[in-house]
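Results of the structural survey
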Amino acid sequence: MIRTLVLFAVVALASARVSYEGFQVWRLEVNQEQKPFFNHMLQKHNLDVWAESRDWIDVMVDPKLRHGVMSSLAAKAIHSTVMIDNVQTLIDRDYKLIDREPRDVVFDDYNSFEEIEAYLAGLAETDDRTSLRSLGKSVEGRDLWQLTISVGAGKEGIWVDCGIHAREWITPATCLWGINYLLTGYGTDPDATALLDAYDIYILSVNNPDGYAYTWSDDRLWRKNRNKYDEDVCYGVDLNRNFDDHFGGDGTSDNSCSQTYRGPSAASEPETQVVQAAITELAPSTKALFSIHSYSQLWMYPFGYTSDLPPEADEFDRISAIGVEALTAVHGTQYVYGPVSTTIYPAASTTIDYSYAVGITQSYTLELRDTGLYGFELPAEQIEPTAEETWAGLIAAILAI
């Protein structure tokens, strides 16, 4: 009877989910002169930007808008390539794998928020090298759990956060893999041992728990948190445009329906408030911060709010080059590095601009695999290789600081 009820619940859940049948992801070849037109087209058609680089932009196109978007592109001679022919096909693959009964966390598949929460709680109870604290509550009352891994007192810390954008499933998976790698590898793996002998590690595996849970239950491609203000039309604030640093600047939107909606005020969101407080608290004893995203295969440093370079840019380039070289050496995955604003796009009020401003000078953000073949729908079989190369790069960079 219980199994029948679970199956019924799964079927009911699947039927209620947002469908992206017929939606496509297009890569647009857009140069700097065409960017203003593209931004106008983006607002006109309400396109969802999936990724961006110096000379291309990936957008998801609603089948109902396809003709209008094609006409707009043709008017400006912007070339497009279909990267994903039907987004729903990849979503169906994901949900086929996750529509199952709850289980323990595994490191070669995607895990629900509840499974992640139980895993972290279990570690803190059974492994005295770990401690777990809730930074605070989300809009819907979920905890933002930060796990500390420490093999000895008196060390500086390294902050790693994942999952601030809910649909970027590869990032919590990479944080979880890293936790397991460090704990099982300490004393036998030279890299894990060197890192933990040198630093305490603070890992926030799911930076946006409401959004992440919502991607499992309702909308696989949800990005923002789940807040809604009375004056807003749409749900959700982009937590990575909500930090109290150059709030309202380039790369943010005042439109609540935009994927980059910054919210009504700086640090308006409870998730932002508790993460900011933790970063500020730990800043005096934290050597570096890494905020993990996907996708595009980029390794970036401040600033996002301006194209001006920080005074430490040469040092950031040195550390980034070391990290990228170590990352690429694992599986041959190619990364580009540089400042956020010119390597991907302008983006104000972000995690790393805030952490830099409060004293964690060595602040970086990574965009993990891939470069558009799957986008946010990275297959589960790529979790382990992605995590392996990412942590190799992180450790090499950290030990070079």
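Details of the structure are given in the entry above.
Attention now moves to the nonpolar core. Grouped together as the largest cluster of nonpolar side chains are 73 residues, with contacts concentrated most on Val-87, Ile-179, Phe-290 and Trp-299. Sequence-distant contacts of Phe-290, that is, excluding residues within four places in its chain, are made with Ile-158, Trp-159, Val-160, Asp-161, Trp-299, Tyr-364, Leu-366, Leu-394 and Ile-398. Of all hydrophobic cores here, the second largest spans 24 residues; its members include Leu-144, Ala-278, Leu-298 and Ile-344.

Before going further, it helps to spend a moment on the side chain of Asp-232. Its location among the elements puts Asp-232 in the loop between α8 (209-217) and α9 (270-282). This buried residue, Asp-232, is left without a salt bridge; Lys-228 holds the nearest opposite charge, at 6.8 Å.

Time to look at the pattern of salt bridges. Counting across every chain of the model gives 20 salt bridges. The salt bridge partner of Asp-127 is Arg-129, with a shortest N-O separation of 2.8 Å. For Asp-127, a relative accessible area of 13% puts it in the buried group. By relative accessible area, which is 23% here, Arg-129 ends up partly exposed. In this structure, Asp-210 engages Arg-142 in a salt bridge whose closest nitrogen and oxygen atoms are separated by 2.8 Å. Taken together, the positions of Asp-210 in helix α8 and Arg-142 in the loop between β5 (130-137) and β6 (143-149) put the pair 68 residues apart, joining distant regions of the chain. Relative accessible area serves as the criterion here: at 23%, Arg-142 is assigned to the partly exposed category. A single network of salt bridges, built from pairs that share partners, joins Arg-93, Asp-94, Arg-220 and Glu-377.

What counts as what
- Residues numbered from 1 in each chain as written.
- Predicted model: local features only at pLDDT ≥ 70, side-chain atom pairs only at ≥ 80, totals over all residues.
- Heavy atoms only, no water.
- Core = buried A, V, L, I, M, F, W, Y, C linked by side-chain atoms within 4.5 Å.
- Buried < 20%, exposed > 50% of the residue type's maximum accessible area, 1.4 Å probe, protein only.
- Contact = heavy atoms within 4.5 Å.
- Helix = DSSP H or I, 4+ residues; strand = E, 2+ residues; numbered from the N terminus.
- Lys, Arg positive; Asp, Glu negative; His and termini not counted.
- Salt bridge = Lys/Arg side-chain N within 4 Å of Asp/Glu carboxyl O.

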